[in-house]
Every structure is written in C-alpha cells, then in structure tokens.
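Listed below are the residues making up each chain.
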Amino acid sequence: MNWTNFQTYNEAPTEAFETLCNQLFENWCKETYDNELSSFRVVNGAGGDGGVESYAVLSDKKMVGLQAKWFTNSINSNQMQQIKNSINTALRVRPTIARYIVCIPRNLGSLTVNSNNTEASRWEKIKNEVLKDYPDLIIDLWDENRLLQELQKQCSAGIFKFWFERGEISEENIEFAFEKSKNSWLKTKYIPELNTFGYIHDSITSYLGTPEWRIKSKKVFEHLRNLCNEFYSESEKLINVCGEVDAQTVMLLNELRKQFQSITNEIENIQLWLSNESIIQATFDENFFGINFFAIISRLKESKASHSHYFHFSAVLKILEQMSNIPIQAELDLLNKGIDRRSILFLGEPGVGKTHGIAAEVDNLLKEGYHVAILIQARDIAVTDTWKDIISSSLGLSNEWSEEEIWQGLMSLASRKKFHALDKSDEVFVLPKIAIFIDGLDESWPYEKWIERVQSTNAIVKKYPLIRFIFTSRPHVFSDNNIEGKIVNIGISGDTATCKLIDRYLKAYNVDISNTEWIKSALNTPLALKIFCEINQDKVVEYHSSADISISALLREKIKLIEIEFCKQVIDATKADQYIFKSILRLANLFKNNSRLKRENLINTLRQELSIELSLAKSIIEYLENYGILHQSCEHENGVLPLDIYYCEPGIQGYFDYAMALMLIDEYERPQDIDFSSCKALEHNAYYILAIISIQKFSFLITDNLSIDATISNSFKTELMFLALRFTRKSDGESYKLRLFQMMTENAEILRAITNYIVLPLARESQHPLGVSLLNEFLLSFEFPAERDILWSVPCNLRGSYGDKWYSSSELKLEQDMNFLIDTDTAEGLPTVYAWALSTVNNVMRQNYRIALMKWAIQTPGEFYKLFLKFSSVNDPQIRNDIFSILMSLLFEKDYPELLKASADWLMQNILGLDQIEKNRDIAIRYYSTSIIRKAMDSGVITSKEADNYLPPFNATST
C-alpha cells in the first residue's frame, strides 16, 4: 500500500488512520458475526477510551475490540510496550473482551541472519506475555497486508477510493454543491435571513439526533428510573404495614413493582442507546410504559388502610404523581423517531414553506458540522437515473464510482466525522449521518418512479446505517401508495407559524408597521405574509383595517404590481392590456377540471383566447413560472430519441382561487345568486376568498346563501362565516353585532370560538365593532358574575359536561405568540381580554394571565392604569382582586410618582372614603389600597394629613 496517497482530509494521520481501521473493523464484524452482532460502537476521539478505538458486542455479551497505532516506521520496544499497555487497559476496563485486534500501517520486519530482535519477534514476545494473564484471549494483528486484504473486499471498494484515491466525496465538495444550488434554483425560494425552525426542523432533529436533544431525553429517563427505584422502596414499606388489612392494595402494589422493574430494565437499554448510539438499531418494549397513573392513584386513595397508614400512602402517592407529570409518551415518540431509519416525506401544498424549510435545514446542518447534508432538486433527475446517477450528478463525481462505492464513500465521510462528534459531548454520542434531501418530487414525472426510489431507500439505510433520506412533495403524489416511509404533513398554516415569521419578513423586506401592530395578527398565512411584504417593500404601511390586508385585497394589489413588472420586461405589453390578470383567469378555468396540462397547450390557449402572438403567450407562461404562480414539471420519455414533455399546474394556488371566486361572481353577478350545487368541485381556499370578496364588495355574508349548505359541512360553514366577519370593514361591522351577540349567549363553545376567531384577531383594531368592544359589551351585560361564569370561566373539556351549556372544547388562544401582550397594546384592546380572562377557575391559567398583565403594566404603566379604572368596579370579585394586586405590585416595583399620586387620590375617594365602605368590604382590596396609600405617603406624593382619614386604625366616627 502506498501510504503517501493516504487522504487525511486536513486531519492528523493518526486520526485518519483510526477512522479507516474502524470502518474496516465494522465491515469485518458484520461479515464475521452477522446475526450474532448486538452492537458496534466507536469510542475513540479525544485521547482514546480504555485501550480501544471501537468495539463490537456479541449476542453472548462477549466483546471484540480494536486498537489502531499509526506506527509508520520500524516499531521499537517502547511502542511495543504501548501496544501491550493498551491491551491490558482494554481488558481491565472491559473484562468481557474475547478478541483483540491491533492495526498498524506496515508489515513487521522478520528474523534475519544479522539479528533476532526484530519487529516480528518483539510482537510475539508481548503477545505471549499478555496471553499468560489472559489465556483465552485471541489477539490478531492487522498489518499492511491484512488491511489491504480488507480494503480489497467488495464491501470496502468505496472506502478504498475515499481514503486512497481522489477526494471527490468530501465536505468541501458537498458544501460547494449547496452553494451552487443557492445561486441557481434556490435563489428565489430560499432567503437565509427569513430562516425560522418549525415542523421540518423538529422532525429532522429527532430523526438525525443531536447531543442537546439526547442529553435532555437521557435526563428525563434517568428521572423516571430514579422514581421507579423510590417507588420500589416506599411500596415495600407500605406492603409491610398493610399486611392482611387490604389484600387488594398489596396485590396492586406488587403488580406495579413488577411493571416498574420491567420499565427500569427497558430504561437501561434506552439509556445505553442515548449515551452511545450504535449502528445496530435499539429495541425496547414500549408496552411496559403504558400506565394509567390517574386510575392507580384513585384506587390507592380509596384504600381502607389509607387513613391508618397515611404517611406511607402519601409517600407512594407522591412518587406516582411525579411520574404522571413526566411526558413519557412524548419522550418515547421522540426516541422512536430517532431509532426509525425509514425515509421522511414532508407533504404540503405550494406556499407552506417546504423548500425553504429543508434548504434552511441543510444550511444549518452544514454550518454546525455535526451531520452532512446533500440537497438535490428532483426536477433535474431523469426517469432513467439511478441513485448512482443522482448522487454523482449532484456532487460532480467521476463515472468510475459504482453505486456501492458511493454509499461506502459517504459512510467513510460520516465515519471520519465521528472524531469531531465525540468531542461535542462527554454525556452522549450521536452517530454523524449523511442526510440526503430531495426537494419537489411532484416536479419530476412519472411519480411511480419516485415511489420506487423512496421504497428502495429502506434497503439502502439497512445496509448503510449512517445514510438517511428526506423528501418533499405535494400530497397528491403519494395519495394512494404505500411508500413505506414516515409522512409529516405540513398544513396550510405552513412549516412555521406565521406569527413567528412576521418579524423576520418585515426586516428582510424593510417594511415598517410600527404604528399598526394589529397587522401581525391579521396576516395569518405564509402566502398573505409574503405578498404583503412584497407589496410594501421599503415602505411605511398605512392600512387602516384588516379588510385592507385580506388575502383577496393583497392578491388584487399583487397582480397589479406583477402587471407593471411584466410590462417593463415585454415591449408589446401595456398595463391596460391586463395580460397577467386575464391569463390567470383563463388558466384558472382550465385547471378547474385538470390538475395539470401540457405547457404547449397552455401557450396555444392563451394565444387564441387573448388574440396575441405566440411569442407573447410564451413570455406570459414563462413569467408566471418564474414568479411561482405556475409550477412546471417534466416527464422524461424513453426511446432512441427521447423528448422531454413539460407540464404546468398551479404553483401558488391562491392566485387561481382568487380568479375562480371572481369568475363565479362574474357569472352570477351577485354572490347572493350563486348556485353552489353546481360548484361542488370548488376548493376550500376559493370559498375563503369568495367569502371575503362577498362581505367587502357586496356586504353579503356568503354563508347566508342557502345553496351553500349542500356543498360544505356545518363546521366549515361556521369557519367561513367567522373568516368573513373578521375581514368585515369597520363601517359594516355594526350590522353583524346583534347576530354575534345572540350566538354568544347560546353556549360556551360558540362564545369561545367567536372570541378566538373574530375578537382576538381584531383585538388590536380597537375601533372595530366586532373586536374587543363586542366581547366587552357582551360580558358586561350579565347582572351576576355566576351567570357569566357559566359561559366564560369554566375550563375546557370538563369531564361529564359534553352537551351542557358550559362545555367547550378549547381554551382561549391567549397562549399563542400572536396574542402575547406587547408594549404598543392599549387598554381598549387585547389587555381587556386578558383582564376578563382573570375570572377563569383554572388557577394555572389565571396566574399566567396575571403575570402577562404585570409585564405589560411595567412596559406601559399609563395604559395599565386606564385598564385598572375600567375594571375597578366590574362585578367579578376575582377580577377586581387581581387587577388591584397588579396595581399595587406595579407601584411597588418602580417609582412612578405621577401614577402613584393619581392612584392614591382615586383609591381614597372611591375605595377607602367613608361613603364607599359599604361597597368595598373586600379585605384584600382594602389591603392593596391602604398599602398604596402608605407608599404614596412615604414617597411624599401625598401628606400624612391627607392620608390619615383613609388608613387604620379608624376612629369611632369614621366607622
């Protein structure tokens, strides 16, 4: 072997050699032990680990270890002693090692006539010395000849190319390939400044594994194991004192002890995998973890011995309650995602952020340097391409690489990274992996070929366990097929919640909404956000109502801008021609009954129907494709002279939904007259836009059209109505107030829905009649708080209450990011909803609302004081109590002299005055009030003479 050709990839030869030996050792273990191989682990890295670089565990628990020594020159006595010390250390640390392999990059010098002190004799000497202490140990020497023998095996061909031939498979080549993608097909789809991490990131993180996640998960299972041990101890004490008094409780505890022992055993397997991930898949029995803690706790509390042995029962119950609070199933789900090697498919409609999501993930993985990520565009792949062709083309590999060699080479790259991965954390070791991302399977025809490719990945990852595959596509490609992969559906709200994207988008597009924060809650889809930012790039926005930024209004404005941009590029077009708008209308009509159409046919249709030249029709289609409004796919044909056939389908569906809605209204002249029974194929998004246009242009609620009942469900009809009312213009909103008022009185479910889907989205439009003023007026209409509480304050999913007036299936959506209080919120807006929410009987939620209001009060003390005055006399003692406590905390938190003076004056007149005593006998409110008065007096904003009559002790006349 020519070690001068050994590719170290800018690492120390010692590390590179160890990695090479580990790979050959791994292949040899699989070949030699096959089904007997239980696990294989690499343990080298920062300074070695107990005399081995890596080791294999067999099914009988015996181990095979490997040590690699980069001794390139004649091995002297000191180096031989190093080898001996490594063997002794390995046997001391891991006594079950039955076979030990030593790798060196040279052949030992043999006995000559001139000397009997050769490398070979020195090797035999230390070997015999070790065997005296460990007579059953097998010691093998993998010298240069043996290493070459392993490299010449078919399963190592790619390893040989990776280490001894041109370094074509390298991180540098992979990073360069991604940079080329960013500057070509990703240029309009991926903007790094907009990166946020949502479902795609979470799924890939659990799929590939990170030290941070593994450490966190390890601690959770460690906590569970400790609780199992505590239960074992405390339950034994309880069994001893119960004796024969309660045989059923003893039987239950014994059953639990057996189950918790099984759980402890399973946790040991889990912890082993979390600490040091192996190429052999972990196995554990999830069934042991299925425990109904609530039922068990209830049974123990009902025991007739629970009173006489209270402290023993209490100790056991405390442990069980702690266990019940551990998200065991969530942790098991994450664990399963990491163990399951099947490919992931992210399925979602255009515009939900699939491409941006995986591009951001590839970018992130390459920067972190833990795993290796390769991104490929499906559209570039021909129908006849194999995985060899796909990877070779992406990385620019020479034709000399076979498919097997490519996978082996990629495995070598992943193995080389194990050194760096081990240095990341002392607590856990995650195997570095090669993640291959294929974007847009729906862009490459025929789909059947992609289904076959996805299915074939299961065989690839089984043979090459450090390879992973991730795909993206529209859902219809895999609608009726068993793909044998893991599907992650990306909903219409996108990979990342829009509220988490807004700030990044506004910054990237330089849009200033500082005076209109309500816009953040009105832009509730990725498409609406993107179009809004494109329309308002480098502007200070001046919208006055959510109606002005409805998706229909935004699309209308966007199409106008596209028309202008198109006219700048095409000499034969003017804005008045409206070629883009007319084309979208005609294309929408064509796509009404066809999911995709030949590109050539679309061009001819536009040429004929718009009476334009063929070149102009081509320019329109090409322009719509570049903009993403049309989505191009290619069908690669076989044959002697294969021709690629290009198809088009809706890219950004919103434009075509908008066109469909306009065509329907144009056909029937008024939304009131539309016959929905003849529009059963209408997409949901088209209904949304139709509902918005109808309410804004015709002041008509589309759900009042009786024919719509036959085409949509009642739940979707309610959703449509709420959507339309949310985008009602302020001037029209008053006319719907009475209807909503009546609906809100029906039951808690409807009240909660109207609050979540109409009031909260409009909460920052303080003047909107269907916003906070609607809720405030409704809740104030109750004479007694108990009547209001039935509809407003009862927690959701109350057991046994389904069908009752107070039942609701969801909580207030105040916990969502878009509904967090910010410093621009005013007392008349969102804080009013928070104040009313203080009446909840859920004390955890009540505390959260109180904390949120306190933080907001510190940011805007003047606005909070307005809110305080608004709720100071509300007929709900719980709300009053909290609002007074927040005021006191605020005034004690920082110095607000003017606010302190105003508060003290108000409290003396309205709470502590002699004529107000009968109205304010609540001891808590009087305590908060007197504390504020004393604070004002101590701060000098009022005099003691002013305060005397309002502070205890009161004289006889004042009481």
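Residues numbered from 1 in each chain as written. Predicted model: local features only at pLDDT ≥ 70, side-chain atom pairs only at ≥ 80, totals over all residues. Heavy atoms only, no water.

(A) Quick look at the side chain of S707. With respect to the helices and strands, S707 occurs in the loop between α26 (684–697) and α27 (714–726). At a separation of 3.1 Å, a polar atom in the side chain of S707 contacts the main-chain amide nitrogen of F676. The residues touching S707, leaving out its near neighbours within four places in the chain, are I674, D675, F676 and S677. (Helix = DSSP H or I, 4+ residues; strand = E, 2+ residues; numbered from the N terminus. Polar contact = N/O pair within 3.5 Å; in protein donor to acceptor, adjacent residues only side chain to side chain. Contact = heavy atoms within 4.5 Å.)

(B) Just the packing of helix α29 (residues 737–744) against helix α30 (residues 748–759), in detail. At a minimum axis separation of 8 Å, α29 and α30 run at an interaxial angle of 135°. Here α29 is positioned oblique relative to α30, judged by the angle of their axes. Contacts from L740, M743 and M744 of α29 reach α30 at I750, L751, I754 and I758. Partitioned by chemical class, the residues of the contact of α29 with α30 number 7 nonpolar, no polar and no charged. (Axes fitted to C-alpha atoms, helices over the stretch in contact; angles between N-to-C directions. Parallel < 35°, antiparallel > 145°, perpendicular 65-115°, else oblique. Nonpolar A, V, L, I, M, F, W, Y, C, P; charged D, E, K, R; others polar.)

(C) Inspection of the packing of aromatic side chains at higher detail. A full pass over the atoms with the stated rule returns 42 aromatic pairs. With a centroid separation of 5.7 Å and an interplanar angle of 45°, the aromatic rings of Y623 and Y627 are classed as tilted. On the criterion of helical spacing, the pair formed by Y623 and Y627 is a turn pair, its members being 4 residues apart in helix α24 (residues 614–627). Ring geometry for W856 versus F864: centroids 6.4 Å apart, planes at 75°, classification edge-to-face. Comparing W856 with F864, the two get one shared label, buried. Positioned over the ring face of Y232 is R257, at 4.0 Å from the centre of the ring. The aromatic ring of F892 is capped on one face by K935, whose charged end is 5.5 Å from the ring centroid. (Phe/Tyr/Trp six-rings, centres within 6.5 Å; stacked < 30°, edge-to-face > 60°. Buried < 20%, exposed > 50% of the residue type's maximum accessible area, 1.4 Å probe, protein only. Lys NZ or Arg CZ within 6 Å of the ring centre and 35° of its normal.)

(D) Structural context of empty space enclosed by the protein. For the structure on display, the rule yields 5 cavities of 30 Å³ or more. Estimated volume of the largest cavity: approximately 90 Å³. R752, W792, S793, V794, P795, E811, L812, A837, S839, T840 and Y849 together form the lining of the largest cavity. Of the residues in the lining of the largest cavity, the class split is 6 nonpolar, 3 polar and 2 charged. Volume-wise, the second largest cavity comes out at about 40 Å³. Taken together, I174, A177, F178, S181, A373, I374, L375 and S394 form the lining of the second largest cavity. Residues belonging to the lining of the second largest cavity are distributed by class as follows: 6 nonpolar, 2 polar and no charged. (1 Å grid on protein atoms, 1.4 Å probe; cavity = no way out; pocket = protein on both sides within 12 Å on 5 of 7 lines; lining within 4 Å. Points joined across faces, edges and corners; volume = space filled by probe spheres on them.)

(E) Broad picture of the sheet that holds strand β6 (residues 344–347). Taken together, 5 strands build an open sheet; the order of strands is β7-β8-β10-β6-β11 and the sheet is parallel. Strand pairing shows two members of the sheet lacking a second neighbour, β7 (372–377) and β11 (486–489), which therefore form its edges. Each strand of the sheet is rotated relative to its neighbour by a mean of 20°, with strand direction disregarded. Here 4 bridges tie β6 to β11, and the two strands are oriented parallel to one another. Bridge pairing links F346 to V488 in β11. Across the sheet, helix α7 (residues 199–208) touches β6, β8 (434–439), β10 (467–473) and β11, and the angle it forms with β6 is around 175°. Across the sheet, helix α15 (residues 403–416) touches β7, β8 and β10, and the angle it forms with β8 is around 125°. (Pairing = 2+ DSSP bridges.)

Note that every value here comes from positions in space, so none of it alone points to a role or purpose.
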